[in-house]
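Per-entry structural report
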Amino acid sequence: MTAQLAFRDVARGRLLQARLEQAMGRASQPVTVMHVCGSHEQAIARYGLRARFPSNLLVQMGPGCPVCVTDAPEIDACVALAQQGLRIVTYGDMLRVPGRAMSLEDARARGARVDVIYAATQAADIARGSDEPVVFFATGFETTAVATAAVLLSNPPPNLFVLSAHKWVPAAMDVVASAPDTRIEGYLAAGHAATITGHGVFESFVAKYRRPVVVAGFEPLDILAGLVLLVEHVLDGSATVVNAFPRCVKREGNRRAMDALFRVFEASDGEWRGIARVSRGNLSLRAAYAAHDASVRFAAKLAAAPAVAERADASECRCGGIMMGLQKPTDCRLFGKACRPEAPVGACMVSTEGVCRIWHEHGLADAEGSP
Ligand code: SF4
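Source: prediction; values computed, not measured. (Residues numbered from 1 in each chain as written. Predicted model: local features only at pLDDT ≥ 70, side-chain atom pairs only at ≥ 80, totals over all residues. Heavy atoms only, no water.)

Here's the deal with the sheet that holds strand 5 (residues 134-140)
Definition in use: If DSSP finds at least two bridges between two strands, the strands pair. Secondary structure elements are defined from DSSP: runs of H or I of at least 4 residues count as helices, runs of E of at least 2 residues count as strands, and each element is numbered from the N terminus. The axes used here are C-alpha line fits, helices contributing only the stretch in contact, and every angle between their N-to-C directions lies in the interval 0 to 180 degrees. Residue contacts are defined here by distance: any two heavy atoms, one from each residue, within 4.5 Å place the two residues in contact.
Strands sit in the order 4-3-5-6 across an open sheet of four strands; the sheet is parallel. For this open sheet the edge positions go to strand 4 (114-117) and strand 6 (160-166), each flanked by a neighbour on one side alone. Across the sheet, the mean angle from the axis of one strand to that of its neighbour is 25°, orientation sign disregarded. Of the pairings in the sheet, the one linking strand 3 (residues 87-91) to strand 5 comprises four bridges and is parallel in character. Bridge pairing in strand 5 places Thr90 opposite Phe137. Running over the sheet, helix 5 (residues 72-83) touches strand 3, strand 4, strand 5 and strand 6 and is turned about 160° from strand 6.

Notes on empty space enclosed by the protein
To be explicit about the condition: Throughout, the protein atoms alone are placed on a 1 Å grid, and a set of points is a cavity if a 1.4 Å probe fits but cannot get out or a pocket if it is open with protein on both sides within 12 Å along at least five of seven lines; lining residues have an atom within 4 Å of a point. Grid points are joined across faces, edges and corners, and a volume is the space filled by probe spheres set on the points.
All told, the structure shown has two cavities of 30 Å³ or more when counted by the stated rule. Of the volumes computed, that of the largest cavity is approximately 80 Å³. Cys317, Arg318, Cys319, Cys332, Leu334, Phe335, Cys339, Val345, Gly346, Cys348, Met349 and Cys356 are the residues that line the largest cavity. By volume, the second largest cavity amounts to about 40 Å³. Lining of the second largest cavity is provided by Glu41, Arg50, Val59, Gln60, Met61, Ile322, Lys328, Pro329, Val355 and Trp359.

Some details on the confidence of the model for the protein chain
Short version of the rule: Each residue carries a pLDDT score, the predictor's own confidence in it, on a scale running from 0 to 100.
Looking at the protein chain, the pLDDT average stands at 92 and 96% of residues meet or exceed 70. The low-confidence segment residues 367-371, where pLDDT is below 50, has twelve contacts with residues more than four positions distant or belonging to other chains.

Considering the site of the ligand
As a reminder of what qualifies: Here a residue is considered near a molecule or strand provided that any single heavy atom belonging to it is located within 4 Å of it. The rule for placing a molecule in a cavity or pocket is simple: more than half of its atoms must lie within 2 Å of the grid points. Each residue gets one of three labels, nonpolar for Ala, Val, Leu, Ile, Met, Phe, Trp, Tyr, Cys and Pro, charged for Asp, Glu, Lys and Arg, and polar for the others, Gly among them.
All residues in the neighbourhood of the ligand are listed as Cys317, Arg318, Cys319, Ile322, Cys332, Leu334, Phe335, Cys339, Gly346, Cys348, Met349 and Cys356. With respect to the pocket detection grid, the ligand is positioned in the largest cavity. Considering only residue class, the shell around the ligand consists of ten nonpolar, one polar and one charged.

Next up, the structure:
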């Protein structure tokens, strides 16, 4: 049997589902857990897993969509540089995310130069082929931050400037866990990020909040197996870190990648869209990389940008409550009406990793929207 078939084994899936039901059968009240990754939500939706969860198990998506948590003023800053004539390159998902006044796509429609790239190395290649400044609007969590760091450690062209909106997920988990009204009893952590950070990164979190963390992969059986372990640990009152993705994740992670990440970046406080100001949740370029830091090089342009106000319907958006595990997409009255993938009001409806878009595209509002 190939590895792929082993991860899609129907019989094993049924056994895991039965074990999940058996575990939840001993729960005296509903259990709420959170997965902290848009890729987990995609897999849950694609394989129809949510419909198979026991009705007393609530699985919420947390702040695990990098596009969703990029703060509107961060987008405004990039829009301002674009409107002042600088060439911008960024990942495709960022184009349509609304800033307070407009998105990068809106700016492009008005003549700004904004190009989509698929990898950080492309930003360096574009700069090498140009004699003008190129600003790389660098977004995403640990996984993409490592790629940005690698570019800056590899003799980057002098005309490459990084506008960093990178974020560090474990810091946001702290915010969710410390929220006074949180219902989250355990966390399913993203296997790809843990491949870099290692599962050891969650040990202090577990010790502090006395909640289990299970690291899981992205095949449907990975997710089911991770949820089974998570629920069992929640119900046993066992606060520990479990690595349910050992084929890729080690306790110490990828040390070379982590070294590269923190040679280039340092943790700083920053806003996560709709959530909170997250202590040490942003990744800012270290002073040693100031020559490539767009926020330093273009500080005067950023300061000269006109003030912008939030669009009127933004206050209706419930992305923050959803990513904190307090609400679900169908709790937002704009869901599927004023806010749709082709006309997003909030960031969670833009990205393929955004929970509102995932629920909308998979029709989960009717079928599974009321767990
Ligand atoms: S449906 Fe749109 S406006 Fe509502 S929470 Fe989701 S992204 Fe925000």
